[in-house]
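Examination of the molecular architecture
The lines below spell out each chain.
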Amino acid sequence: MNNQKKDFNLSSNILKSYFSVEKFKELHFRIPLLFAIIYILNAAFISAYKGYVFYSENAYLTIAIIEIATVALPTMIYQRICKTAPAFSSAKPFSPEKLIIVFLGAFAMIFGAIAITTLLSHLGIIQASHFTYTDITLPDMPSRLSSMLFASLTFALVPAFCEEILCRGVIFAEYERYGTVFSVVLSTAFFSMMHFSLDKLPLYLFCGLVLGFLRAFTDSSLASIIAHFIYNMFTLFYEQFLGALTEQFSEFKIVFFITLLLCFLMLFFMFGEADRIYNNYSRKNSHIEAIYKFIPKNSTKSTITQIVCSPALWLCIILYIIFSLII
């Protein structure tokens with residue numbers, strides 16, 4: 001009896017220590033916990049996406065409010081409680097010249113998405129006719145223009161804004177202290193898990209990496225928001241048309257290699273543009289440490305261990321697998 005009591009007390013003390021105030025100060029605990037909360041909120045409302053929400057009179061507004069309430073609002077509350085930097089903070093302002101690299105990144109994602117989707121379809125992992133917005137049925141609007149406008153705001157702008165202030169705003173900025181590569185990789189991992197899809201995981205990993213590097217190159221989450229918005233607009237209005245067009249080609253290799261080549265060209269010019277931007281900063285004696293932040297060698301092992309062994313991170317991974325299978 002005494003042994004059972006000791007075991008209970010020991011387990012109780014472990015839980016108390018893990019959920020203590022001091023634990024919340026640890027980055028590897030609070031970031032995955034924030035994501036887990038957002039993830040559970042998203043999963044809870046996904047059923048509404050497929051149910052009465054799409055048949056209500058205010059479907060567009062309802063979906064936008066849900067997205068803001070489940071992603072943007074918890075992110076802003078986190079910033080307020082933890083007193084982190086605002087999601088749009090940057091060392092340098094977002095100048096119009098950076099739009100070139102933003103468009104290159106957006107088109108790299110578009111061509112890369114076509115190549116990856118074509119490959120996954122060829123391998124039988126996803127259906128050839130499966131697209132992001134195929135099953136969406138929304139109420140008719142007074143005109144086609146108004147319908148396109150509301151759809152653009154609801155399915156392109158709002159998701160781009162909400163997901164980017166979380167992944168490339170808060171998560172990227174928080175992990176950047178451990179190096180830019182770490183912040184790109186980890187923000188990409190969380191971004192990929194947000195989409196409740198195991199079969200399209202390679203697609204989201206690729207897009208997340210491009211958006212992460214855009215954030216690093218420009219030192220502004222506004223760049224990733226714009227690129228994300230452009231990509232969402234493509235998936236919303238042109239993905240099905242392009243998918244139907246590519247299905248007319250009996251030879252898988254033609255579509256795959258052409259789009260893959262275009263993707264690599266966009267990435268080549270994107271990284272070249274990034275080099276030009278940083279050369280300009282160097283000539284102007286500007287502060288240019290963002291892309292050159294690296295983890296000290298003596299702390300690399302301990303940092304990786306903390307991240308990999310974080311129970312909160314494994315909770316996110318388990319939730320991702322479960323929700324991807326049942327939703």
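Residues numbered from 1 in each chain as written. Predicted model: local features only at pLDDT ≥ 70, side-chain atom pairs only at ≥ 80, totals over all residues. Heavy atoms only, no water.

Quick look at the overall build of the protein chain now. In terms of regular secondary structure, the protein chain is built from 13 helices and zero strands. The burial tally for the protein chain puts 47% of its 327 residues in the buried class. Taking all contacts inside the protein chain whose residues are at least 6 apart in sequence as the whole, residues at least 24 apart take part in 80%. If you sum the accessible surface of the protein chain, you get close to 17600 Å²; carbon and sulfur atoms cover 68% of it. (Helix = DSSP H or I, 4+ residues; strand = E, 2+ residues; numbered from the N terminus. Buried < 20%, exposed > 50% of the residue type's maximum accessible area, 1.4 Å probe, protein only. Contact = heavy atoms within 4.5 Å. Areas by Shrake-Rupley, 256 points an atom, 1.4 Å probe, with all protein chains shown as cover.)

Let us now look at unusual backbone geometry. Even without glycine at this site, Phe-196 takes up a positive phi of about 50 degrees. With respect to the secondary-structure elements, Phe-196 resides in the loop between helix 7 (180–193) and helix 8 (201–218). Using a relative accessible area of 12% as the deciding quantity, one classes Phe-196 as buried. Of note, Asp-219 is a non-glycine position whose phi angle comes to about 55 degrees, a positive value. Among the structural elements, Asp-219 can be located in the loop between helix 8 and helix 9 (221–237).

Moving on: the packing of aromatic side chains. In this structure the tally under the stated criterion is eleven aromatic pairs. Between Phe-35 and Phe-190, the ring centres sit 4.9 Å apart and the planes meet at 55 degrees, which makes this aromatic pair tilted. Of this pair, Phe-35 sits in helix 3 (residues 27–50) while Phe-190 is found in helix 7, placing the two residues 155 residues apart along the sequence. Summarising the burial analysis for this pair, Phe-35 and Phe-190 share the class buried. Ring centres of Phe-217 and Phe-271 lie 5.1 Å apart, and the angle between their planes is 80 degrees; this geometry places the pair in the edge-to-face category. With a gap of 54 residues between them, Phe-217 in helix 8 and Phe-271 in helix 11 (residues 252–283) connect regions that are remote in the sequence. (Phe/Tyr/Trp six-rings, centres within 6.5 Å; stacked < 30°, edge-to-face > 60°.)

Its 24 residues give helix 4 (residues 59–82) an end-to-end C-alpha distance of 34 Å, which sits within 8% of 34 Å, the value for a rise of 1.5 Å per residue. The principal kink in helix 4, of about 35 degrees, is found at Ala-69. Residue Lys-83 follows helix 4 closely and has a positive phi angle near 55 degrees. (Expected span 1.5 Å × (residues − 1). Bend = angle between axes of the 7 residues up to and from the residue.)

Moving on, we come to helix 7. Across its 14 residues, helix 7 extends 20 Å between first and last C-alpha, which sits within 8% of the 20 Å expected from 1.5 Å per residue. The buried fraction of helix 7 is high, at eleven of 14 residues.

Next up on the list: the confidence of the model for the protein chain. Interpreting fine coordinate detail is not advised for predicted regions of low pLDDT. The predicted model of the protein chain has a mean per-residue pLDDT of 78, with 69% of residues at 70 or higher. Ranking the elements of the protein chain by mean pLDDT puts helix 1 (residues 2–18) last with 48 and helix 8 first with 94. In the model, residues 13–21 has pLDDT below 50 throughout and makes seven contacts with residues more than four positions away in sequence or in other chains. Throughout residues 294–298 the model reports pLDDT below 50, and contacts reaching past four residues in sequence, or to other chains, amount to eight contacts. (pLDDT = per-residue confidence, 0-100.)

To continue, consider the packing of helix 7 against helix 8. Relative orientation of the contacting elements helix 7 and helix 8 amounts to 140 degrees, with a least axis distance of 8 Å. When the axes of helix 7 and helix 8 are compared, the pair comes out oblique. Note on packing geometry: the crossing formed by helix 7 with helix 8 is right-handed. Together, Thr-180, Val-184, Thr-188, Phe-191 and Ser-192 of helix 7 and Leu-201, Tyr-204, Leu-205, Cys-207, Gly-208, Leu-209, Leu-211, Gly-212, Phe-213 and Ala-216 of helix 8 make up the contact between the two elements. Residue composition of the contact of helix 7 with helix 8, grouped by class: ten nonpolar, five polar and no charged. (Axes fitted to C-alpha atoms, helices over the stretch in contact; angles between N-to-C directions. Parallel < 35°, antiparallel > 145°, perpendicular 65-115°, else oblique. Left-handed = near helix turned anticlockwise from the far one by under 90°. Nonpolar A, V, L, I, M, F, W, Y, C, P; charged D, E, K, R; others polar.)

Ile-31, Phe-35, Ile-101, Leu-166, Tyr-175, Phe-190 and Met-270 are the most contacted members of the largest nonpolar core, which has 68 residues in total. Top contributing element to this core by residue count: helix 5 (residues 99–122), with eleven residues. Here Ile-31 is in contact with Tyr-78, Val-170, Ile-171, Glu-174, Tyr-175 and Phe-190, once residues within four sequence places are set aside. Tyr-60, Ala-151, Phe-155 and Leu-236 belong to the second largest nonpolar core, which has five residues in total. (Core = buried A, V, L, I, M, F, W, Y, C linked by side-chain atoms within 4.5 Å.)

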